[in-house]
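Descriptive structure summary
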2 protein chains.
Amino acid sequence: MPQSIATARVLAALEEKAASYELVLVNIVNGEHKQPAHLARNPFGQLPAFEDGNLMLFESRAVARYVAKKYDSGMDLLRSGDAQEAALVDVWLDVEANHFDPPIAVISYQYVVLPIFGGVTDEKLVEENAAKLEKVLDVYEERLSKSKYLAGDFFSLADLSHFPYIHRFMLTPKATLITSRPHVNAWWEAISSRPAVKKVAAGMTLGG
Amino acid sequence: MPQSIATARVLAALEEKAASYELVLVNIVNGEHKQPAHLARNPFGQLPAFEDGNLMLFESRAVARYVAKKYDSGMDLLRSGDAQEAALVDVWLDVEANHFDPPIAVISYQYVVLPIFGGVTDEKLVEENAAKLEKVLDVYEERLSKSKYLAGDFFSLADLSHFPYIHRFMLTPKATLITSRPHVNAWWEAISSRPAVKKVAAGMTLGG
C-alpha cells in the first residue's frame, strides 16, 4: 500500500532511479498480509515485499539498497565508489533505523493513524517519544551544520530513508521539532522538494 | 569495552578478517562515554566508536560493513560479488537489527546485566519479550531448514551480527528457545565454533 512508510521508502528509491516497477496492493485491512501467500514473500507478515525475477526480498532498507545498486542511472545513492563516503552512508542509514525511526514511528502513529481507526492519542506516550526524538534531532542539527546532508555534501540513501516518516510527522502538532531547527529544516526542505519524493509523498495520504 | 554487545560485533568482524587493530577502552562505569571526547567520536554517546586514519565511524553494523569491505582477505562477508546474495545478506542484517535485537536485548539485560548492578529481573517484561523472540526464532527455524545460514549456504555478516547477543543469551534460563529449535541450534553451533567468534566471546565475560 503506498501509504505504508516502509513501502514509500522503497518507492522513493525506485523513483530516484527512474526504475520501472509495478506496485501490487496487499490489503492489510482484511489481513491479507498475514495470509500464507504474503508470508511466503515476507515471513514477518509486513509490507513491503519485493520481487525481481526469482529474487524475493523484504526489509525496506535492504530493498532500497538493492534498488540503489541495481539501477546505476543517475546518482549513486550508496556512494559505492568511495569507501569512506559509503561507510558514512551506512552509518546514517543505521542511525535512521536505530535512533530516529522508533520515536517518530510512535508519534506519527498516535497523531495520524490511530484517530483514523477511532483511537485516542496517548499524550503521555507522545511526550516521552518527543523527548527522545528531540535528542536525536539535536545530533542531526549539529551534524547538518557541518554538511548539507547526513553523510556529507551529497544526497544519499541515508537522507532518502528519512523521508516517509518526516512527511507524515509534518502533519502532527510536533512538526515544530523539525521547523525550529534551522539546519534540520533546510535539510528537510531539500529532501521534500525532490521530484521523486514529491511523487511518492502524493500517494501517502491516509483517510479522506 | 569488550563486554559491549555492539563492540563485540565489530571485534568479531575484525577477527574474521584477521585485521590488526587496537581496542581502546572507554569506561562507561565512570561515564566517559558521555564526555565531549567520546561524543565527538559517537554523538549518541554509545560504544563503540571506530577510527581508521581520519575516518570516524559509529553504529556497529555500519562499522562491521566497513571492515568487511576494507579487508578483502578470506571470505567476502557481504557477498559483494553477487547482487542477489548481497541483497539477502542485507535483508538478514536488517532482520537482526529490527526484529531479533530488540527482544533479545531486553531478556539478556534483565537476566545477565541488571543483577550485577543489584537490580531484580522483571519476569513479566522477560516473558513479553520471550514471546516476541519466539516468533522471530520460528521464522529463523523455517529459514534455516532451507539453507545452512540465514542468507544462503554461506556464512555472512548477517550471521556474525547475531553472535554477541546469542552468546550472552545462552547464559539465561531462556537458552532453550535456541536449543529447542534444531536448525537454529545447529546454526548457532556453527557460528559459535568459529575461531574468531570464540576469541571475542572469551572477552565478553561480565562481572566476576
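Above this note sits the structure.
Note that the coordinates shown come from a computational prediction; the quantities given were computed from them, not determined experimentally. (Residues numbered from 1 in each chain as written. Chains lettered and ligands numbered in written order. Predicted model: local features only at pLDDT ≥ 70, side-chain atom pairs only at ≥ 80, totals over all residues. Heavy atoms only, no water.)

**Comments concerning the overall build of chain A**
Keep this limit in mind: Helix and strand definitions follow DSSP, with helices as H or I runs of at least four residues and strands as E runs of at least two, each counted in order from the N terminus. Computation of the radius of gyration draws on C-alpha atoms, with the globule rule given as 2.2 Å multiplied by the number of residues to the power 0.38. Here the term buried applies to any residue with accessible area under 20% of the maximum for its type, exposed to any over 50%, and partly exposed to those in between, with areas from a 1.4 Å probe on protein chains only. Working rule for contacts: check all heavy atoms of both residues, and any pair within 4.5 Å makes them a contact. When charges are counted, neither His nor the chain ends are considered; positive counts come from Lys and Arg and negative counts from Asp and Glu. We put the charge of a Lys on NZ, of an Arg on CZ, of an Asp on CG and of a Glu on CD.
Across its full length, chain A carries ten helices and two strands. N-terminal to C-terminal, the α/β element order of chain A is α-α-β-β-α-α-α-α-α-α-α-α. Computed over its C-alpha atoms, the radius of gyration of chain A comes to 17 Å, within 12% of the 17 Å expected for a compact globule of 208 residues. Along the first, second and third principal axes, the C-alpha set of chain A runs to 50 × 45 × 25 Å. A buried classification covers 55% of the 208 residues belonging to chain A. The long-range fraction of contacts in chain A, counting pairs at least 24 apart against all pairs at least 6 apart in sequence, stands at 62%. Here chain A holds 21 positive side-chain charges and 26 negative ones, and the gap between their average locations is 0 Å.

**Focus: the relation of the copies chain B and chain A**
One copy of the chain maps onto the second through a rotation around an axis plus a translation along that axis. Rules: Least-squares superposition aligns the copies on the C-alpha atoms of those residues with pLDDT at or above 70 in both.
Rotating chain B by 180° about the axis while translating it 0.0 Å along that axis superimposes it on chain A, leaving an RMSD of 0.0 Å. Here the symmetry operator amounts to a two-fold rotation axis. Looking at the interface residues of chain B, 100% of them are also at the interface in chain A, so both copies use one shared face.

**As for the packing of aromatic side chains**
The cut-off we apply is this: Two aromatic rings from Phe, Tyr or Trp, using only the six-membered ring of Trp, form a pair when their centres are within 6.5 Å; if the ring planes differ by under 30 degrees the pair is stacked, by over 60 it is edge-to-face, and anything between is tilted. By definition, being over a ring means that NZ of Lys or CZ of Arg is both within 6 Å of the ring centre and within 35 degrees of the ring normal.
Evaluation of the coordinates by the stated rule reveals 14 aromatic pairs over all chains. Centre to centre, the rings of A:W92 and B:F58 are 5.8 Å apart; their planes meet at 85°, and the pair counts as edge-to-face. Note that A:W92 is positioned in helix α4 (residues 83-113) and B:F58 in strand β2 (residues 55-58), a pairing that runs across two chains. No difference in accessibility class separates A:W92 from B:F58, as the two residues are buried. A:R79 extends its terminal NZ or CZ atom over the ring of A:F154, reaching a point 3.9 Å from the ring centre. Over the ring of A:F155 we find A:R194, and its NZ or CZ is 3.6 Å from the ring centre.

**Comments concerning the pattern of salt bridges**
All names here are of chain A. Stated precisely, the cut-off is as follows: Every case where a carboxyl oxygen of Asp or Glu lies within 4 Å of a side-chain nitrogen of Lys or Arg is listed as a salt bridge.
Inspection of every chain in the model, using the stated rule, returns 28 salt bridges over all chains. For the salt bridge of R194 with E16, the shortest nitrogen-to-oxygen distance reads 2.6 Å. Of this pair, R194 sits in the loop between α9 (182-192) and α10 (195-202) while E16 sits in helix α1 (residues 5-16), and the two are 178 residues apart along the sequence. Comparing R194 with E16 shows no difference in burial state: the two are buried.

**Notes on the interface of chain B and chain A**
Reports often express the size of an interface as the amount of accessible area lost when the parts come together. What counts here: Accessible area, probed at 1.4 Å, shrinks when two parts are joined; the buried area is that loss added up over both. By the criterion applied in these results, polar contacts are pairs of N or O atoms within 3.5 Å in which, for protein atoms, one can donate a hydrogen and the other can accept it, and in which residues neighboring in sequence qualify only through two side-chain atoms.
Counting residues at the interface gives 28 residues for chain B and 28 residues for chain A. When the buried surface of chain B facing chain A is broken down by residue, B:F44, B:E59 and B:H99 rank first, second and third, together holding 20% of it. Taken together, the links from chain B to chain A amount to two salt bridges. We note a salt bridge from B:D90 to A:K69, for which the minimum N-O separation is 3.7 Å. Our count for the chain B to chain A interface comes out at six residue pairs in polar contact (both at pLDDT 80 or more). Contributions of two or more residues to the side of chain B that touches chain A are made by β2, α3 (60-70), α4 (83-113) and α5 (123-144) of chain B. If you tally residues by element for the side of chain B that touches chain A, the top one is α4(B), at 13 residues.

**Considering the pairing of β2(B)**
Residues and elements named next belong to chain B. Put simply, the rule is: At least two bridges found by DSSP between two strands are what make those strands a pair.
As defined by bridge partners, strand β1 (residues 49-52) adjoins β2 across four bridges and the pair is classed as antiparallel. Along β2, the bridge assignment pairs E51 with M56. The hairpin turn running from β1 into β2, its antiparallel successor, is two residues long, and G53 in that turn takes a positive phi close to 60°.

**Describing unusual backbone geometry**
Of note, the amide linkage connecting A:L47 to A:P48 takes the cis form, showing an omega dihedral of -5°. Mapped onto the secondary structure, A:P48 falls in the loop between α2 (36-39) and β1 (49-52). We note that A:A18 has phi near 50°; this positive angle belongs to a residue other than glycine. Residue position: A:A18 is located in the loop between α1 and α2. Residue classification places A:A18 among the exposed residues on the basis of a relative accessible area of 67%. Although it is not a glycine, B:E59 adopts a positive phi angle of roughly 70°. Assessed through its relative accessible area of 9%, B:E59 is described here as buried.

**With respect to the nonpolar core**
This is how the line gets drawn: Think of a nonpolar core as a cluster: buried Ala, Val, Leu, Ile, Met, Phe, Trp, Tyr and Cys residues, connected wherever their side-chain atoms sit within 4.5 Å.
By size, the foremost hydrophobic cluster in this structure holds 130 residues, and its most contacted members are A:Y140, A:F163, B:W92, B:Y140 and B:F163. Setting aside residues no more than four positions away along its own chain, B:Y140 makes contact with B:W92, B:V95, B:E96, B:F100, B:L150, B:H162, B:V184 and B:W187.

**Here's the deal with a nonpolar patch on the surface**
All names here are of chain A. Operational definition: For patch detection, residues must exceed 30% relative accessible area and be free of salt bridges, and they are connected within 9 Å for like charges or within 5 Å for nonpolar side chains (Val, Leu, Ile, Met, Phe, Trp, Tyr). Only the protein chains shown count as cover for residues, and the accessible areas themselves come from Shrake-Rupley with a 1.4 Å probe.
There is a patch of nonpolar side chains on the surface, built from Y21, L23 and L25 and spanning about 280 Å² of accessible area. Tracing the backbone shows L23 in the loop between α1 and α2. For L23, a relative accessible area of 37% gives the class partly exposed.

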